[in-house]
Every structure is written in structure tokens, then in C-alpha cells.
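# Structural features, examined
Given next are the chains, with one letter for each unit.
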Amino acid sequence: MVLNRKKVAFYLTDLETSIGKVINVTLALLVLVSSGIFVAETYNLPDDTAWELRTLDTCILIIFSGEYLLRLWSTEDKIKYILSFYAIIDLMAILPSFIGLVDISFIRLLRWFRILRLLRFLDKKFLLGSISNEDTIIFARILVTLFSIIFVFSGLIYQVEHPVNPQNFNTFLDAFYFSVVTMTTVGFGDVTPISELGRLLTVLMILTGVALIPWQIGDIIRRLVKTANQMETVCQACGLAFHDTDAEFCKRCGKQLKINN
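## So, the overall build of the protein chain
- Within the protein chain one finds nine helices and two strands.
- Listing the helices and strands of the protein chain from first to last along the sequence gives α-α-α-α-α-α-α-α-α-β-β.
- Counting across all 261 residues of the protein chain, residues that qualify as buried make up 42%.
- Summed over its atoms, the accessible surface of the protein chain is roughly 15,300 Å², and 64% of this surface lies on carbon and sulfur atoms.

## Overview of the state of the cysteines
- With the rule as written, the count across this model stands at zero disulfides.
- Distance from the sulfur of cysteine 238, which forms no disulfide, to the nearest cysteine sulfur (cysteine 250) is 3.6 Å.
- Given a relative accessible area of 24%, cysteine 238 falls into the partly exposed group.
- For cysteine 250, a relative accessible area of 4% puts it in the buried group.

## Some words on the packing of aromatic side chains
- Throughout the structure, instances matching the rule amount to six aromatic pairs.
- Note on tyrosine 68 and tyrosine 81: the rings are 6.0 Å apart at their centroids and 45 degrees apart in plane angle, and the pair reads as tilted. In this pair, tyrosine 68 sits in helix H3 (residues 47-74) while tyrosine 81 sits in helix H4 (residues 78-82), placing the two residues 13 residues apart along the sequence.
- Take tyrosine 68: its relative accessible area is 9%, and that puts it in the buried class.
- Measuring from centroid to centroid gives 5.6 Å for phenylalanine 169 and phenylalanine 178, while their planes differ by 80 degrees, and the two rings are edge-to-face. Across the pair, exposure class does not vary: phenylalanine 169 and phenylalanine 178 are buried alike.
- Members of the aromatic cluster, connected to one another through ring pairs, are Phe147, Phe151, Phe172 and Phe176.

## Points about the environment of phenylalanine 172
- On the secondary structure map, phenylalanine 172 appears in helix H8 (residues 172-183).
- Looking at phenylalanine 172, the relative accessible area reads 6%, which means it is buried.
- With 16 residues separating them along the chain, phenylalanine 172 and leucine 156 place their C-alpha atoms 9.7 Å apart.
- Setting aside residues no more than four positions away along its own chain, phenylalanine 172 makes contact with Val39, Thr42, Trp112, Phe151, Ser154, Gly155 and Tyr158.

## Notes on the packing of helix H1 (residues 5-13) against H3
- Viewed as axis vectors pointing N to C, H1 and H3 meet at an angle of 125 degrees, and their least axial separation amounts to 9 Å. One finds that H1 runs oblique with respect to H3. As H1 packs across H3, the resulting crossing turns out to be left-handed. Taken together, the residues of H3 that come into contact with H1 (itself represented by Arg5, Val8, Ala9, Leu12 and Thr13) are Glu67, Leu70, Arg71, Trp73 and Ser74.
- By residue class, the composition of the contact of H1 with H3 is five nonpolar, two polar and three charged.

## What about the pattern of salt bridges?
- Inspection of the entire model under this criterion finds one salt bridge.
- For the salt bridge of glutamate 67 with arginine 71, the shortest nitrogen-to-oxygen distance reads 2.8 Å. Of this pair, glutamate 67 and arginine 71 both sit in helix H3, four residues apart, which is roughly one turn of that helix.
- Residue glutamate 67 is classed as buried on the basis of its relative accessible area of 5%.

## Thoughts on the nonpolar core
- Counting residues in each nonpolar core, the largest one holds 41 residues, and the members touching the most others are Phe64, Trp112 and Leu156.
- The set of elements that each furnish at least two residues to this core consists of helix H2 (18-40), H3, helix H5 (85-99), helix H7 (134-161), H8 and helix H9 (196-226).
- Top element by residues in this core is H7. It accounts for nine residues.
- Leu240, Ala247, Cys250 and Leu257 belong to the second largest nonpolar core, which has five residues in total.

## Observations concerning a nonpolar patch on the surface
- On the surface, Leu197, Leu200, Val203, Leu204 and Leu207 cluster together to form a nonpolar patch covering roughly 430 Å² of accessible area.
- Here valine 203 lies in helix H9.
- Under the relative-accessibility criterion, valine 203 is labelled partly exposed at 43%.

So, how was this worked out
Residues numbered from 1 in each chain as written. Predicted model: local features only at pLDDT ≥ 70, side-chain atom pairs only at ≥ 80, totals over all residues. Heavy atoms only, no water. Helix = DSSP H or I, 4+ residues; strand = E, 2+ residues; numbered from the N terminus. Buried < 20%, exposed > 50% of the residue type's maximum accessible area, 1.4 Å probe, protein only. Areas by Shrake-Rupley, 256 points an atom, 1.4 Å probe, with all protein chains shown as cover. Disulfide = S-S within 2.5 Å. Phe/Tyr/Trp six-rings, centres within 6.5 Å; stacked < 30°, edge-to-face > 60°. Contact = heavy atoms within 4.5 Å. Axes fitted to C-alpha atoms, helices over the stretch in contact; angles between N-to-C directions. Parallel < 35°, antiparallel > 145°, perpendicular 65-115°, else oblique. Left-handed = near helix turned anticlockwise from the far one by under 90°. Nonpolar A, V, L, I, M, F, W, Y, C, P; charged D, E, K, R; others polar. Salt bridge = Lys/Arg side-chain N within 4 Å of Asp/Glu carboxyl O. Core = buried A, V, L, I, M, F, W, Y, C linked by side-chain atoms within 4.5 Å. Patch = residues over 30% accessible without salt bridge, like charges linked within 9 Å, V, L, I, M, F, W, Y side chains within 5 Å.

Here's what the structure looks like:
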């Protein structure tokens, strides 16, 4: 069977058809599973269990590599795709595993960025099937972004600090705890990085959180201000929930609104 480039490109981004949903839900689940494997590897596991997890992670890696190649093959502007945000994240998710075969440890740090692939699925039609409340979507984006930041930096700090500071960063949970109390500005001080790179990552984590979270919270504030003088009239075509009080047609798709008196 000859693959059709347009069909492949469509299904890799589609979230409405059954095939598109299956593909993208499966990819999202694989991201979570692979991230769970990374966390599990920070603990002392029996040899058989560790081998099974490595085998599973290798299979996931092959799937992600195939997905990346399919996206690259099916896109028309390959340079634009390679330089796009999601393509860079995809490449960072698979490249360290291949380069890690020659034991370049600092490159393997990038494997924790695989969780950022979840940002690809922050779509209204992907989250919980279909959500008409855009405020809920924005709130979900904030939660996923915050979790992604904490997860990535926890993984990076763990791999940097564990070799030199195992008493404080013995497992991923220790690094995760440190990231949470740091991001929330609680800062108990009972766990602190001692390496220069660990301290640098801590500063970057704080700056990243300060830059991204208020920006997304601003979306909710702008949304609240925008809808203060509007009424809730859900468009039957596109799902837009709020319109001006005197609107007869949807401002997004143009379909006539069903006004409830």
C-alpha cells in the first residue's frame, strides 16, 4: 500500500475523526508512559524489571522516531517543520537516546523534555473530547504547562545533582519536591543544589515559571474582561460560548445564533 502524504499529514494532526483521535490519544499516552519509565529508573529496581522497562522505552522510542520521520516526510515545507517548536521538542525527545549509545551524558539530559510533547495536545477538541468553555481550556493549559516545567526541571536537576549530592537528591521524588517548593516560593531550604549547574537550573526554573505562568493567567483575566459585557449563547456550529448581547450571528463562523429569550 502506497502512503499518501496528505492523508498522513492530516491524521497526524487531526483530532476529529476516529483514526486521528486514536493516533493522537495513543501518542499522548506513550508520552506519559515514557515519562513514568524515566521516573522509575531513578529508583533501585530488580534487574528483570529494569530490563523490561528499558525494552518498553526502546519500543516507544522507535514509535516516536517513526512519527517524527512521517511528519517530516509528509510536510511540504520541511525546513519550516524542522525549525518549528514542536518538531524541535520531538527531536529532543528521541535524539538523546540514540546519542546516548556512545555515552554522551549531558545530551541524555534532554530526554526529560519528552514530557513537553504533551503541549501538542492542548487543543479544545482533544481535551475531554469537546469543551465549550474556553476558560476551562486556558486553565488546563496553565496546569499542563506548570506540570511540564516542574517535571522537566526536576529531571534535569536530578541528573545533575544525584551524582554529587545523592543524600539530598536520591530519587526523582526528591528533585520533584525541591522543584515544587521552589516554584511556589516556599523554599524550606532543607534540600538545596550544591553544583553550579544545579543552581543555574534552579534559577532558570524560577525565571521560566515567572515568565510563563503569569502570561497564561493573563489569558483568563483578558477573557473575563472581554466577557463581562457579553451573554452566554453557544454557537451550534463552532461552539463559541459568548457573544455580544445584540449579536444575531456567530462572530467566529457566521452561523445564525439561536437566541434564548
